[in-house]
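# Coordinates in review
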Amino acid sequence: IIATCRHTHPNIQHGERTSPSEHFDDPRQFRIRVQSMGPPSPAGLVESVTVNGLSDLSDVHSRVEDMARRDIMRPDRVSDLLRAIDDVFATVFVHSTGSATLRYWVERQRVICEVAGAWTTAPFAGFIQYVDNEDDGPGLWPSGQLADLIVVRELDGVTVVRLEVLLEPDHV
């Protein structure tokens, strides 16, 4: 953590003395570097499906639900995950003209879903509740409330939203 702080704080305090950080990065460059790293890639089997519109979501639901139930996820958590995925795709379809790809897998007692597509997000998407309006809807905020973790990263015109839901949240 301290090593990262040296990159994000222009000055470092040493007791009574303040000195410029030798490792300070321009915030925009730091953001690009951190986002390009992203979360680790999956270690096991990854399934993938391309979603071109709302009509494809029933297939997405079937696939993700089968995987989650196979790995013994509680029904209420499956429902949360499917609603979170729906909210991400709703955002995709509002803010892009193309398709998006869903990758999903189970790892370390978590179901992980990543939606990738060519759209842009607002700063802190998934963490701030924006005012709901007729044009844009609530954005990714509901997904962030339903999932145990949401990570949104954007690089070279591609946005990736990663949702993680614990298989058994009471026991992990």
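Along each chain, residue indices are assigned from 1 in the same order as the chain's sequence is written. The predicted nature of this model means local features are confined to residues of pLDDT at least 70 and side-chain atom pairs, given and counted, to a pLDDT of 80 or more, with totals for whole chains, interfaces and linings taken over all residues. Only heavy atoms go into the side-chain values, all of them from the structure, while hydrogens and water stay out.

Here we come to the overall build of the protein. When you go through the protein residue by residue, the secondary structure sums to 5 helices and 7 strands. Comment: elements are numbered from the N terminus, with helices defined as DSSP H or I runs of at least four residues and strands as E runs of at least two. Shown N-terminal to C-terminal, the secondary structure of the protein runs as helices and strands in the order α-β-β-α-β-α-α-β-β-α-β-β. Classification of residues uses two cut-offs on accessible area relative to the type maximum, computed with a 1.4 Å probe and protein chains only: under 20% is buried, over 50% is exposed, and between them is partly exposed. Considering the protein as a whole, with its 172 residues, one finds that 35% of them fall into the buried category. Restricting to contacts in the protein with at least 6 residues of sequence separation, those with at least 24 account for 58%. All accessible areas in this document rest on Shrake-Rupley with a 1.4 Å probe, and a residue is counted as covered only by the protein chains that are shown. Accessible surface, the protein: about 10,300 Å² in total, of which carbon and sulfur atoms supply 53%. The contact criterion used is simple: two residues touch if any of their non-hydrogen atoms lie within 4.5 Å.

This next bit is on the pairing of strand β6 (residues 149–155). Residues in a regular strand project their side chains so that they alternate between the two faces of the sheet. By this definition, two strands are paired if DSSP reports at least two bridges between them. Sheet analysis places β6 next to strand β7 (residues 158–166), joined by 7 bridges and oriented antiparallel. In the strand pairing of β7, Leu-149 is matched with Glu-164. Linking β6 back to β7 in an antiparallel pair, the connection comprises 2 residues, with Asp-156 at a positive phi of about 55°.

Let us now look at the pattern of salt bridges. In what follows, salt bridge is the name for a side-chain nitrogen of Lys or Arg lying within 4 Å of a carboxyl oxygen of Asp or Glu. Considering all chains together, one arrives at 13 salt bridges under this definition. A salt bridge links Arg-108 to Glu-107; its shortest N-O distance comes to 3.1 Å. Of the charged contacts, one joins Arg-110 and Glu-164 as a salt bridge, the two residues approaching to 3.2 Å between their closest N and O atoms. Placement of Arg-110 in strand β5 (residues 110–117) and of Glu-164 in strand β7 is noted, with a sequence separation of 54 residues between them. By relative accessible area, which is 24% here, Arg-110 ends up partly exposed.

A word on the sheet that holds β7. Strand order in the open sheet made by the 5 strands is β3-β4-β5-β7-β6, with antiparallel pairing throughout. Every other strand in the sheet has two partners, leaving β3 (47–51) and β6 as the edge strands with one partner each. The average undirected angle you get between the axes of adjacent strands in this sheet is 15°. Helix α4 (residues 75–95) contacts β3, β4 (100–107), β5 and β7 of the sheet and is inclined by roughly 170° relative to β7. Here an angle of 0 to 180 degrees is reported between the N-to-C directions of two axes, which are lines fitted to C-alpha atoms, with helices fitted over the stretch in contact.

Structurally, Thr-91 can be placed in helix α4. Those residues in contact with Thr-91 that lie beyond four places of it in its chain are Trp-119, Gly-139 and Leu-140.

Looking now at α4. Its 21 residues place the ends of α4 31 Å apart at the C-alpha level, agreeing with the 30 Å of an ideal helix rising 1.5 Å per residue. Along α4, the residues classified as buried are Arg-77, Val-78, Asp-80, Leu-81, Leu-82, Ala-84, Ile-85, Val-88, Phe-89, Thr-91 and Val-92. Structurally, α4 contributes buried residues whose contacts are with β3, α3 (57–70), β4, β5, α5 (141–146) and β7. For a helix, the expected span equals 1.5 Å multiplied by the number of residues minus one.

Here we take up the nonpolar core. What makes a nonpolar core is a set of buried Ala, Val, Leu, Ile, Met, Phe, Trp, Tyr and Cys residues whose side-chain atoms join them at distances within 4.5 Å. Among the nonpolar cores identified, the biggest contains 32 residues, and Val-64 and Leu-102 are the most heavily contacted of them. Breaking this core down by element, the ones donating at least two residues are β3, α3, α4, β4, β5, β6 and β7. Sort the elements by how many residues they give to this core and α4 lands first, with 8 residues. If near-sequence neighbours (up to four positions away) are discounted, Val-64 is found in contact with Leu-81, Leu-82, Ile-85, Leu-102, Tyr-104 and Cys-113.

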